[in-house]
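# Examining the three-dimensional arrangement
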Amino acid sequence: MLVDPARGLSCQGPSGFTGATLTLDQQRVLFRRWTTDPAVHPHEALLGMLALLHGASSREVKTLQSNDLDPQARTARLGDRPHPVPLDPASWTVLERCLAHREAQRTDNPHMMVTRQTKSGRGPASTAYVSHVLDACGFPPRMIRCTRLLDLVNTMDPKLVAGAFGMDPEATMIYLADRVDPGRLPGPESR
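Residues numbered from 1 in each chain as written. Predicted model: local features only at pLDDT ≥ 70, side-chain atom pairs only at ≥ 80, totals over all residues. Heavy atoms only, no water.

### So, the overall build of the protein chain
A tally of helices and strands in the protein chain yields eight helices and three strands. Counting from the amino terminus, the protein chain carries its helices and strands in the arrangement α-α-α-β-β-β-α-α-α-α-α. Classification of the 191 residues of the protein chain by burial places 36% in the buried group. By element, 55% of the accessible surface of the protein chain is carried by carbon and sulfur atoms, the whole surface being about 11,700 Å². (Helix = DSSP H or I, 4+ residues; strand = E, 2+ residues; numbered from the N terminus. Buried < 20%, exposed > 50% of the residue type's maximum accessible area, 1.4 Å probe, protein only. Areas by Shrake-Rupley, 256 points an atom, 1.4 Å probe, with all protein chains shown as cover.)

### Thoughts on the packing of helix α1 (residues 24-36) against helix α2 (residues 42-54)
Between α1 and α2, whose axes approach to 9 Å, the crossing angle comes to 140°. With respect to their mutual orientation, α1 and α2 come out oblique. Along this stretch, α1 crosses α2, giving a crossing that reads as left-handed. Residue-level contacts link Gln27, Phe31, Arg33, Trp34 and Thr35 of α1 to Glu44, Ala45, Gly48, Met49, Leu52 and Leu53 of α2. Split by residue class, the contact of α1 with α2 holds six nonpolar, three polar and two charged. (Axes fitted to C-alpha atoms, helices over the stretch in contact; angles between N-to-C directions. Parallel < 35°, antiparallel > 145°, perpendicular 65-115°, else oblique. Left-handed = near helix turned anticlockwise from the far one by under 90°. Contact = heavy atoms within 4.5 Å. Nonpolar A, V, L, I, M, F, W, Y, C, P; charged D, E, K, R; others polar.)

### Remarks on the packing of helix α6 (residues 141-155) against helix α7 (residues 158-165)
Remark: α6 packs on α7, axes separated minimally by 8 Å, with the N-to-C direction vectors making an angle of 135°. When the axis of α6 is compared with that of α7, the two are oblique. Contacts between α6 and α7 involve Arg145, Leu149, Leu152 and Val153 from the former and Pro158, Val161 and Phe165 from the latter.

### Points about the pattern of salt bridges
Tallied over the entire structure, the rule returns five salt bridges. Among the salt bridges present, the one from Arg148 reaches Asp151, with a minimum N-O distance of 3.2 Å. Separated by three residues within a single helix, Arg148 and Asp151 lie in helix α6, roughly one turn from each other. By relative accessible area, which is 24% here, Arg148 ends up partly exposed. With relative accessibility at 37%, the residue Asp151 sits in the partly exposed group. (Salt bridge = Lys/Arg side-chain N within 4 Å of Asp/Glu carboxyl O.)

### Notes on the nonpolar core
By size, the foremost hydrophobic cluster in this structure holds 33 residues, and its most contacted members are Trp34, Leu46, Leu50, Leu64, Leu95, Met113 and Ile144. Secondary-structure elements contributing two or more residues to this core are α1, α2, α4 (89-104) and α6. It is α2 that provides the largest number of residues to this core, a total of seven residues. If near-sequence neighbours (up to four positions away) are discounted, Met113 is found in contact with His43, Leu46, Leu47, Val61, Lys62, Thr118, Ala125, Tyr129, Val130 and Val133. Listed in part, the seven residues of the second largest apolar core include Leu152, Val161, Phe165 and Tyr175. (Core = buried A, V, L, I, M, F, W, Y, C linked by side-chain atoms within 4.5 Å.)

### A short note on α6
An ideal rise of 1.5 Å per residue puts 21 Å on 15 residues; α6 measures up with 22 Å between its terminal C-alpha atoms. Residues Pro141, Met143, Ile144, Arg145, Cys146, Thr147, Leu149, Leu152 and Val153 constitute the buried set of α6. Residues of α6 that are buried make contact with α1, α2, α3 (58-62), α5 (127-132), α7 and α8 (169-173). (Expected span 1.5 Å × (residues − 1).)

### Concerning the sheet that holds strand β3 (residues 85-86)
Read from one edge to the other, the open sheet built from three strands follows the order β1-β2-β3, with strand pairing classed as antiparallel. The two strands at the open ends of the sheet, each matched to only one other strand, are β1 (69-70) and β3. Where strand β2 (residues 75-76) lies against β3, two bridges are found, and the strand directions are antiparallel. Bridge pairing in β3 places Thr75 opposite Pro86. (Pairing = 2+ DSSP bridges.)

### Structural notes on the side chain of His111
Relative to the helices and strands, His111 is located in the loop between α4 and α5. If we ignore the near neighbours within four places in the chain, the residues touching His111 are Lys62, Thr63, Leu64, Gln65, Arg102, Arg122, Gly123 and Pro124.

So, in structure tokens, the structure goes:
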């Protein structure tokens, strides 16, 4: 009588990142939208730019407070990241727009994203509000953030990315692509 050694074992699918990401052209369109269109709400521009360029999560932006900013160094403390995040001029301009919007609301709420519901209190915007801030641009915050993380992990050392983002090193490993970018392969002329 033969025994099947594989009985009871199951095969799992690939463990890498399988989510959707933005193309380079889509990223350019969003960058222009958030940096040049004055009709875009400051909260949308803030969450979008911080996710697109700095890999910020919705929670990190939601809990961002005015005392987390250093105007001299142009940095922001995002979530549990071990170091302040240096902001480029475009991100800083978007942040200043959000600060001006907050000032116009005449609130004592320390958070950057102040809504009508949070204006009189001190709590952050609701998770429901933040999850819909980017509806007008057509892409969810997670997709934008994952695009940035995927790019960083595949062009840098995943352990450095994990350290900079305050993540567990294993958390970045899912973003390692199982393919090689054709643009990184040597061309036929170099062979």
